[in-house]
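Read off the chains here:
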Amino acid sequence: MPELPEVETIRRGLAATVLGKTITGAEVLTAKIIKAPAPDTFSRLAAGKRIEAIKRSGKYLLLELSEDYTMVIHLRMTGQLNYCPPDTPVRNSTVVIFRLDDGYDLRFVEPRGFGVLYLVPTADLGTVPGLNRLGPEPFSPEFTVDYLADIVRGRKAKIKSLLLDQNLIAGIGNIYADESLFRAGIHPERTAASLAPAEIERLYHAIRTEIAAGIEYRGTSVQSYFDVDGRKGSYQEHLKVYQQTGQPCPNCGAPIQKIKVGGRGTHYCPECQR
DNA sequence: ACGTTGACCTGTGTGC
DNA sequence: TGCACACAGGTCAACG
């Protein structure tokens with residue numbers, strides 16, 4: 001489900017609900033999503049730890065716990081976190097239930113089983129795959145027009161594929177990549193190296209505009225994205241190309257096209273994006 | 001190093 | 001209705 005705006009919305013929801021609470025126990029229903037420590041020791045290690053801070057890095061959620069531990073959660077495509085009373089019926093795609101000292105549950109629901117969970121000493125965060133290699137986020141000080149120019153230089157990859165590379169820019173996924181390229185007027189199959197300086201500058205501002213709008217509208221709910229309280233975001237009401245195949249382009253009226261780029265469904269306006 | 005492709009899973013929607 | 005198939009918000013390993 002979640003790209004940067006959705007994960008940030010979830011982070012804020014967690015800050016409003018579970019921050020400061022203590023995990024009294026953890027029930028592991030699907031062991032395979034727990035990558036560290038060994039699933040049979042996960043519950044024992046989690047129990048008794050207090051949630052002291054809730055951070056986000058790219059699409060990773062980082063729950064800083066007492067005793068210098070950090071829980072790392074990646075929701076991948078369909079993961080959800082639900083904060084709910086313990087008598088709420090347990091959905092069968094629930095993979096872990098955390099019991100909290102306020103009497104509520106925090107439940108990790110993941111129908112496809114792609115999501116991952118790590119509970120590691122904070123000093124070992126570098127051992128979490130992907131997390132240690134993330135590029136700058138769209139709103140970090142290191143993400144500048146010059147940085148974007150640097151990473152596109154000499155690259156033969158299609159610009160859309162490059163935008164999805166978390167090692168180059170952290171947090172953009174399929175929705176915001178398509179929307180950013182539309183806003184910048186750039187065809188998704190252009191090679192990165194072919195972008196002119198003015199296009200790089202437009203793309204830079206488009207990315208930041210789209211990510212900021214996504215956060216403002218509390219994320220995009222196209223299929224299964226819900227925040228910790230089960231609410232949908234509303235940015236799907238403002239999408240201009242993503243999942244708008246055949247709809248008129250809001251700029252020129254031409255029908256939005258769908259193609260595959262790097263194996264991902266890709267939506268664009270054939271008139272406005274060159 | 002870079003770029004592309006397939007695999008990982010289950011649920012849902014579409015077309016026959 | 002039933003069935004087969006394509007596709008899904010992400011990442012990683014394997015290959016050329």
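Criteria and thresholds
- Residues numbered from 1 in each chain as written.
- Chains lettered and ligands numbered in written order.
- Predicted model: local features only at pLDDT ≥ 70, side-chain atom pairs only at ≥ 80, totals over all residues.
- Heavy atoms only, no water.
- Phe/Tyr/Trp six-rings, centres within 6.5 Å; stacked < 30°, edge-to-face > 60°.
- Lys NZ or Arg CZ within 6 Å of the ring centre and 35° of its normal.
- Helix = DSSP H or I, 4+ residues; strand = E, 2+ residues; numbered from the N terminus.
- Expected span 1.5 Å × (residues − 1).
- Buried < 20%, exposed > 50% of the residue type's maximum accessible area, 1.4 Å probe, protein only.
- Contact = heavy atoms within 4.5 Å.
- Salt bridge = Lys/Arg side-chain N within 4 Å of Asp/Glu carboxyl O.
- Arc of directions from axis to C-beta.
- Axes fitted to C-alpha atoms, helices over the stretch in contact; angles between N-to-C directions.
- Parallel < 35°, antiparallel > 145°, perpendicular 65-115°, else oblique.
- Left-handed = near helix turned anticlockwise from the far one by under 90°.
- Nonpolar A, V, L, I, M, F, W, Y, C, P; charged D, E, K, R; others polar.

Colleague: It is not clear to me how the packing of aromatic side chains should be interpreted in this structure. Could you clarify?
Modeller: Both the distance between ring centres and the angle between the ring planes are used here to describe each pair of aromatic rings. Within this structure, the stated rule accounts for six aromatic pairs. Put simply, the rings of F143, Y147 and Y204 touch in pairs and so form one group of aromatic residues. When the ring centre of Y69 is taken as origin, the NZ or CZ atom of K49, which lies over that ring, is 4.7 Å away.

Colleague: How should helix 1 (residues 4-17) be read in this particular structure?
Modeller: Every α-helix carries 3.6 residues per turn, so stepping three or four residues along brings you back to the same face. Between the first and last C-alpha of helix 1 there are 20 Å, a value that for 14 residues agrees with the 20 Å anticipated at 1.5 Å per step. For helix 1, the tally of buried residues reaches 10 of 14 residues, placing the bulk of the element in the interior. Within the span of helix 1, buried status applies to L4, P5, E6, V7, E8, T9, I10, G13, L14 and T17. In this structure, the buried residues of helix 1 make contact with strand 3 (51-57), strand 4 (60-65), strand 6 (80-84), strand 8 (105-109), helix 5 (174-184) and helix 6 (197-216).

Colleague: When you look at the pattern of salt bridges in this model, what are you seeing that I'm missing?
Modeller: It is possible for side chains bearing opposite charge to pair when their charged atoms get close. For the structure shown, the criterion picks out 19 salt bridges. Salt-bridge contacts for D105 lead to R107; the nearest nitrogen and oxygen are separated by 3.0 Å. On the basis of relative accessibility, which here comes to 1%, the residue D105 falls in the buried class. With a shortest N-O distance of 3.7 Å, D229 and R231 are connected by a salt bridge. When its relative accessible area of 43% is taken as the criterion, D229 is described as partly exposed. Here the residues in one salt-bridge network are E8, R11, R12, R56 and E137, joined through shared partners.

Colleague: Just checking my understanding: could you explain unusual backbone geometry for this structure?
Modeller: With glycine set apart, most residues show a phi of negative sign, and most peptide bonds adopt trans. Put simply, A36 and P37 share a cis peptide bond, and its omega is -5°. Residues other than glycine seldom take positive phi values, yet D68 does so here, at roughly 60°. Within the element layout of this structure, D68 appears in the loop between strand 4 and strand 5 (69-74). Look at D68 and you get exposed, because its relative accessible area is 63%.

Colleague: When you look at helix 2 (residues 39-46) in this model, what are you seeing that I'm missing?
Modeller: Turning to helix 2, its buried residues are F42, L45 and A46. Viewed end-on, helix 2 has its buried residues packed into an arc of 90°, placing them on one side of the element. With respect to the buried face of helix 2, the exposed residues turned more than 90 degrees away are D40 and R44. Buried residues in helix 2 make contact with strand 1 (23-28), strand 2 (34-36), strand 5, strand 7 (94-100) and strand 9 (116-121). At the exit of helix 2 stands G48, carrying a positive phi of roughly 90°.

Colleague: Explanation requested: the pairing of strand 6 in the structure shown.
Modeller: Look at any regular strand and the pattern is simple: side chains alternate between the two faces of the sheet. Burial within strand 6 is extensive, with five of its five residues counted as buried. Here strand 6 shows no split at all, with Q80, N82 and C84 on one side and L81 and Y83 on the other all buried.

Colleague: What should I look at first to understand the packing of helix 5 against helix 6 in this one?
Modeller: How two helices sit against one another is set out by the angle between their axes and by the gap between those axes. At a closest axis distance of 8 Å, the pairing of helix 5 and helix 6 adopts a crossing angle of 130°. It follows that helix 5 is oblique to helix 6 by the angle criterion. Read as a crossing pair, helix 5 and helix 6 show a hand that is right-handed. Residues Y176, E179, S180, L181, R183 and A184 of helix 5 form the contact with helix 6, whose participating residues are R202, L203, A206, I207, T209, E210, I211 and G214. For the contact of helix 5 with helix 6, a count of residues per class yields seven nonpolar, three polar and four charged.

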